[in-house]
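An overview of the molecular structure
Here is how the chains run, residue by residue.
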Amino acid sequence: MTSSPTRRGLLYGGVAVAAAAAGLGGAWWRERANGPKGEVLAASFWGQRFERPEGGELLLSDLRGKPLLLNFWATWCPPCVEEMPMIDRFFRENGANGWQVVGLAIDQPSAVRKFLQKAPVSYPTGLAGLQGTELVKNLGNTGGGLPFTLVLNGAGEVAARKMGKLEAADLDAWRRELVHG
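Being a predicted model, the structure only gives us computed values, none of them experimental.

Looking now at the overall build of the protein chain. Counting its regular elements, the protein chain contains six helices and seven strands. Walking the protein chain from its N terminus toward its C terminus, one meets helices and strands in the order α-α-β-β-β-α-β-α-β-α-β-β-α. Going through the 181 residues of the protein chain one by one, you find that 40% of them count as buried. Across the protein chain, the fraction of contacts at a sequence separation of at least 24, relative to all contacts at a separation of at least 6, is 67%. Total accessible area computed for the protein chain in this model is approximately 9,700 Å², and 57% of it derives from carbon and sulfur atoms.

Attention shifts here to the environment of Pro 53. Summarising the element assignment, Pro 53 is placed in the loop between β1 (49-51) and β2 (57-59). Owing to a relative accessible area of 14%, Pro 53 belongs among the buried residues under this scheme. Here the alpha-carbon distance between Pro 53 and Arg 113, two residues 60 residues apart in the chain, equals 5.6 Å. Excluding residues that lie within four positions of it along the chain, Pro 53 makes contacts with Val 112, Arg 113, Leu 116, Thr 125 and Leu 127.

Mapped onto the elements, Asp 107 comes out in the loop between β4 (100-105) and α4 (109-118). Within the buried set, Asp 107 has no salt-bridge partner at all; the shortest N-O distance to an opposite charge, 10 Å, is to Arg 113. In this structure the side chain of Asp 107 is engaged in a polar contact, spanning 2.4 Å, whose partner is the side chain of Thr 75. When neighbours within four sequence positions are excluded, Asp 107 is seen to be in contact with Ala 74, Thr 75, Trp 76, Val 112 and Gly 129.

Attention now goes to helix α3 (residues 78-94). With 17 residues, α3 extends 25 Å between its outermost C-alpha atoms, agreeing within 8% with the 24 Å of an ideal straight helix rising 1.5 Å per residue. Cys 80, Glu 83, Met 84, Met 86, Ile 87, Asp 88, Phe 90 and Asn 94 are the residues of α3 that are buried. Buried positions along α3 lie against β3 (68-73), β4, α4, β6 (148-152) and α6 (168-179).

A few words on helix α5 (residues 129-138). Those residues of α5 not exposed but buried are Gly 129, Gly 132, Leu 135 and Val 136. Seen end-on, α5 carries its buried residues on one side only, within an arc spanning 95°. Along α5, the residues that are exposed and aim more than 90 degrees away from the buried face are Leu 130 and Asn 138. Packing partners of the buried residues in α5 comprise α2 (43-46), β1, β3, β4, β5 (125-127) and β6. With its phi angle positive at about 110°, Gly 140 sits one or two positions after the end of α5.

A residue-level look at the protein chain finds 80% of positions with pLDDT of 70 or above and a mean pLDDT of 85. Of the regions scoring below 50 in pLDDT, residues 11-34 engages in twelve contacts with residues more than four places distant in sequence or in other chains.

What follows deals with the packing of aromatic side chains. Under the criterion given, the structure shown has five aromatic pairs. On the numbers, 5.5 Å between centres and 45° between planes, the contact of Trp 73 with Phe 115 is tilted. Of this pair, Trp 73 sits in strand β3 while Phe 115 sits in helix α4, and the two are 42 residues apart along the sequence. With respect to burial, Trp 73 and Phe 115 carry one shared label: buried. Ring plane angle 75° and centroid distance 6.4 Å describe the contact between Phe 91 and Tyr 123, whose orientation is recorded as edge-to-face. Here Phe 91, found in helix α3, pairs with Tyr 123, found in the loop between α4 and β5; they are 32 residues apart in sequence, far enough to count as distant.

The rules behind these values
- Residues numbered from 1 in each chain as written.
- Predicted model: local features only at pLDDT ≥ 70, side-chain atom pairs only at ≥ 80, totals over all residues.
- Heavy atoms only, no water.
- Helix = DSSP H or I, 4+ residues; strand = E, 2+ residues; numbered from the N terminus.
- Buried < 20%, exposed > 50% of the residue type's maximum accessible area, 1.4 Å probe, protein only.
- Contact = heavy atoms within 4.5 Å.
- Areas by Shrake-Rupley, 256 points an atom, 1.4 Å probe, with all protein chains shown as cover.
- Lys, Arg positive; Asp, Glu negative; His and termini not counted.
- Salt bridge = Lys/Arg side-chain N within 4 Å of Asp/Glu carboxyl O.
- Polar contact = N/O pair within 3.5 Å; in protein donor to acceptor, adjacent residues only side chain to side chain.
- Expected span 1.5 Å × (residues − 1).
- Arc of directions from axis to C-beta.
- pLDDT = per-residue confidence, 0-100.
- Phe/Tyr/Trp six-rings, centres within 6.5 Å; stacked < 30°, edge-to-face > 60°.

Structural data, given as structure tokens:
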């Protein structure tokens, strides 16, 4: 009879250790995905250009000087699609206050065009394709997962990175931090 509580104690202890390890691993991943703040992006970042679904080009150099929310997404990514209306609302409510928002689709151009006809957004979208996969990795998302959001301040410094679906609290915090309003 005395061995049963010991086994149970070991089992509980093992579960506790596993949970702690998972928590620490998750915290490490979040910190790694969020990367250092204040990092200034290289001139090569601002020199990139992307085809737009409706035609024309999206030039990152045109976006310098104001806060920028850059959201990487794909049509096949459910959390990406779920956050788009919220990002669009943020853009419509904060664009006049200096915010810029850009979506970069890491997807087939035909799929993006078809998707945006059914679910349009008011913020500019660029077709990043496979180039976008390398770009997210270079921007601190080494796993290449989606959705991924990068926030830059008006000086072009990284203010935030988020791997995973955005929440309204993320957008509110970034708005308050970067445009005081």
